[in-house]
Amino acid sequence: MNKKGISPLLATVFLIAFAVSLAVVVVNISAIEVKPVDTNKSEGPSMEEACKGVSIDMVVIDIPYICYKNVSENEAYLNYVLKNEGIKDIIGLRVSVMGQKSSFTREFDLEEKWAPQTLLDKRNDGIEYDFEKYGKILQTIFVPKVLFKGQAFYCSSHSFELAEPLECP
Amino acid sequence: MDLAKEKIKQIMDVEVTRQVLNNQGYSAGEAENIVNQALVEIEEEKKKETLKKRRDLTGIEFLDRVAFGISSIQYINIFAFIFGANLFLIGLTHSIINALQLFLTFVLEHGNRLKCFFSSQKSKFLAILVFLLMAYFALIESYAGILLTLIFYSLLIGFYNTRYPKKSMLILKVEKRGVVLRNIALVGVLITSLGVYLGGWFLDHYMLSASLDINVMGHKLNPPALIFAIAAFILLVSELILLKYRNVKDVQDNVSGRLREKMKQAFQFFSNIKSDRRLLILFFGSALTFIVSLLINSYLGVYIYTKLSDFGLGAFRNVAVIFTIALISSLIGPWVVRKNAATIGKLPLLIFGSLLTAILPFALYLNKGFTSMALATLLGILGSSISESALGLTFMDIIRSETRRIYFSSIKMLLWLPVLILSAIGAYVAFEFGLTILFLGLAIIQVGIVFPLYFALLIMETRKKVIL
């Protein structure tokens, strides 16, 4: 029962040396550093993978049918008819319109899936456009949205663009 | 049979029940059989009741910890940071939280009105509302709202965590608890870690993808808002289980109710400390280590998120892993001190702990990568937990039990203001000079001020030939 501990000063010196050596190990351990994150693995499928086989095109009905229809002096609708040329269902669209004064973007999901080789007819259900606010239409961009492995992707590399659309017939 | 069971339950006496049955015309043998059968059934009912309570309490513990895990404070800091909060605001919020927690703990120990108001049930219910509010602020991406709500959330959780364990003891006694509930400290850490990891996985998976394309109240639903909503829902389920035991009242602690007197005593004690150099050293050393740990905790998540998002498992899961390491290592400290205090000494362990604490900010300053930070977290948090345990034991040796009681009662009152001011200064340093400089400063405080203070105490004690 007459057990004696070591001198506290000596114990402290040993412990300090131990703590310092641990610190040295910690700051030199970068040699076995883990690899960078595999983005495909941790973030799910890549956009390239998801957008493979996605393609949209414009339909021509007398004129290229991305056109504006005036409803008053300044107000109009940007109407369009597009065709799903790809092999995948499209679930939504992102439409960007660049006017002479400013631009805007609208994102929306389609009520029904837009199946391959079918038309999306928006001749009477286009996007509101204010000529006074945005000015003359210079450019329109349509980006398809698809669902792949449970995730939604905007396929910006598979978009369709039309500059200076005409007035609808 | 039913009569026998009822009588045994009512009068708790088998012999009397037998007599009652005999009086009703049963023979001695029949009465014996009925009583024995009734006893078996009563025992089974009790077992079933115990099992049900055990299941309920385990469910509450599991749900609570998963909810707090998936919406970990480190994630909340990161969300505020992503939505535009600067480092000063994040640090200041944590300073306020910690100062308020210290102040309120003191107030609650000596005045019970507030404590009685926040029962475990009520505080959890309010925490659910606060979670929903946080989900709303995340939805509208308001960092100010998130940080402000975080203050209320932390205080409510503080109330809940001090009150619920006592109530659960009244619901089910220790000897009737299963393996899980008896070892809830350890199991709880594992469940919380699971929650933190699940939250990290969810955030890593959905933060950058466009798959949560749902509009709520005119705003696009984002993963942080969804995380808070899920946490609120889980807590609601847990609250519903707890509601079954609303008749079991929270334990009313003995409180002195002499708040003003205790405050005066605290300030008086502080002026007396000056005459005792040993006490003064321990006071300043422990206060500085507390503030260093507080500042590290405030910024660890944000720092890992910003510096290591492209390495390891993924931005949020890296935070989850490091947070889990911190949780587990904080459990090891007391065990290390208990095993070694007698042979090595308490003061040497206190010095060792304070040096280990410095490893974490130092490694963060050097930023040598994920593995280095994970190991530094393990050692740093272990160090701070060793310091804390060794400090408690050192106090027991240095000061008499009466003074010790006054010290521990007064320390919260004395510390809340310095904590608020010094950690706010630390937050300003982080904002003005960056986190790396702050971490370097914190490492220097530990090695350059706390360590020499404790070492000086060791020399003083060695000269007096008193082994602590």
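None of these values were measured; they are calculated from a predicted model. (Residues numbered from 1 in each chain as written. Chains lettered and ligands numbered in written order. Predicted model: local features only at pLDDT ≥ 70, side-chain atom pairs only at ≥ 80, totals over all residues. Heavy atoms only, no water.)

> Is there a simple way to explain the overall build of chain A in this structure?
When its secondary structure is counted, chain A shows four helices and 11 strands. Counting every position in chain A, which comprises 169 residues, the buried fraction comes to 41%. The long-range share in chain A, meaning contacts at least 24 apart out of those at least 6 apart in sequence, stands at 71%. Entry remark: accessible area of chain A is about 9,900 Å², with carbon and sulfur atoms responsible for 54%. (Helix = DSSP H or I, 4+ residues; strand = E, 2+ residues; numbered from the N terminus. Buried < 20%, exposed > 50% of the residue type's maximum accessible area, 1.4 Å probe, protein only. Contact = heavy atoms within 4.5 Å. Areas by Shrake-Rupley, 256 points an atom, 1.4 Å probe, with all protein chains shown as cover.)

> Got a minute to help me understand the nonpolar core in this structure?
Side chains of a nonpolar character, in soluble globular proteins, are inclined to be buried together. With 130 residues, the main nonpolar core has Tyr-75, Tyr-153 and Tyr-299 of chain B as its most contacted residues. For this core, the element with the most residues is helix H13 (residues 277–307) of chain B, which contributes 16 residues. Excluding residues that lie within four positions of it along the chain, Tyr-75 of chain B makes contacts with Gly-69, Ile-70, Val-196, Gly-199, Gly-200, Leu-203, Phe-316, Val-319 and Ala-320 of chain B. Core analysis: the next-biggest nonpolar cluster, separate from the first, contains 31 residues, Val-54, Leu-82, Leu-93 and Leu-110 of chain A among them. (Core = buried A, V, L, I, M, F, W, Y, C linked by side-chain atoms within 4.5 Å.)

> Before we go on, may I ask you to explain the packing of aromatic side chains in this structure?
The way to describe two aromatic rings as a pair is by their centre distance and the angle between their planes. What the rule picks out here adds up to 22 aromatic pairs over all chains. Through a chain of ring-to-ring contacts, the aromatic side chains of Phe-68, Tyr-75, Phe-79, Phe-131, Tyr-153, Phe-228, Tyr-305 and Phe-316 of chain B assemble into a single cluster. The lysine or arginine in question, Arg-94 of chain A, covers the ring of Tyr-154 of chain A, its NZ or CZ lying 4.5 Å from the ring centre. (Phe/Tyr/Trp six-rings, centres within 6.5 Å; stacked < 30°, edge-to-face > 60°. Lys NZ or Arg CZ within 6 Å of the ring centre and 35° of its normal.)

> I'm lost on a nonpolar patch on the surface in this one. Help?
All names here are of chain B. A surface patch of nonpolar side chains, about 540 Å² in accessible area, is lined by Leu-186, Leu-190, Ile-328, Leu-331, Ile-332 and Trp-335. Counting residues per element, the nonpolar patch draws most heavily on helix H14 (residues 315–344), which supplies four residues. Checked against the element boundaries, Leu-186 lands in helix H10 (residues 184–206). The exposure class of Leu-186 is exposed, given its relative accessible area of 52%. (Patch = residues over 30% accessible without salt bridge, like charges linked within 9 Å, V, L, I, M, F, W, Y side chains within 5 Å. Salt bridge = Lys/Arg side-chain N within 4 Å of Asp/Glu carboxyl O.)

> I keep staring at the pairing of strand E11 (residues 160–163) of chain A and nothing clicks. Help me out?
Strand residues, when the strand is regular, have side chains that alternate between the two faces of the sheet. All names here are of chain A. Side chains Phe-160 and Leu-162 of E11 all project onto a buried face; the interleaved residues Glu-161 and Ala-163 project onto a face where none is buried. With four bridges connecting them, strand E9 (residues 137–148) and E11 associate as antiparallel partners. If you follow Phe-142 over to E11, its bridge partner there is Phe-160. (Pairing = 2+ DSSP bridges.)

> Explain the state of the cysteines to me, please; I cannot follow it from the model alone.
Where two cysteines share a covalent bond between their sulfur atoms, that bond is called a disulfide. Residues and elements named next belong to chain A. In total, this model carries two disulfides over all chains according to the counting rule given. Note on cysteine connectivity: Cys-51 is disulfide-linked to Cys-155, with sulfurs 2.0 Å apart. Handedness of the Cys-51-Cys-155 disulfide follows from its S-S torsion of about -85°: it is left-handed. Pair noted here: Cys-51 is in the loop between helix H3 (47–50) and strand E1 (56–58) and Cys-155 is in the loop between strand E10 (151–154) and E11, with a separation of 104 residues, a long-range link. Residue classification places Cys-155 among the buried positions, given a relative accessible area of 0%. One disulfide bridge connects Cys-67 with Cys-168, the sulfur atoms lying 2.0 Å from each other. In this structure, the disulfide formed by Cys-67 and Cys-168 twists by about 100° around the S-S bond and is classed as right-handed. Here Cys-168 lies in the segment after E11 and Cys-67 lies in strand E4 (residues 66–70), a separation of 101 residues in the sequence. For the pair formed by Cys-67 and Cys-168, the shared burial category is buried. (Disulfide = S-S within 2.5 Å.)

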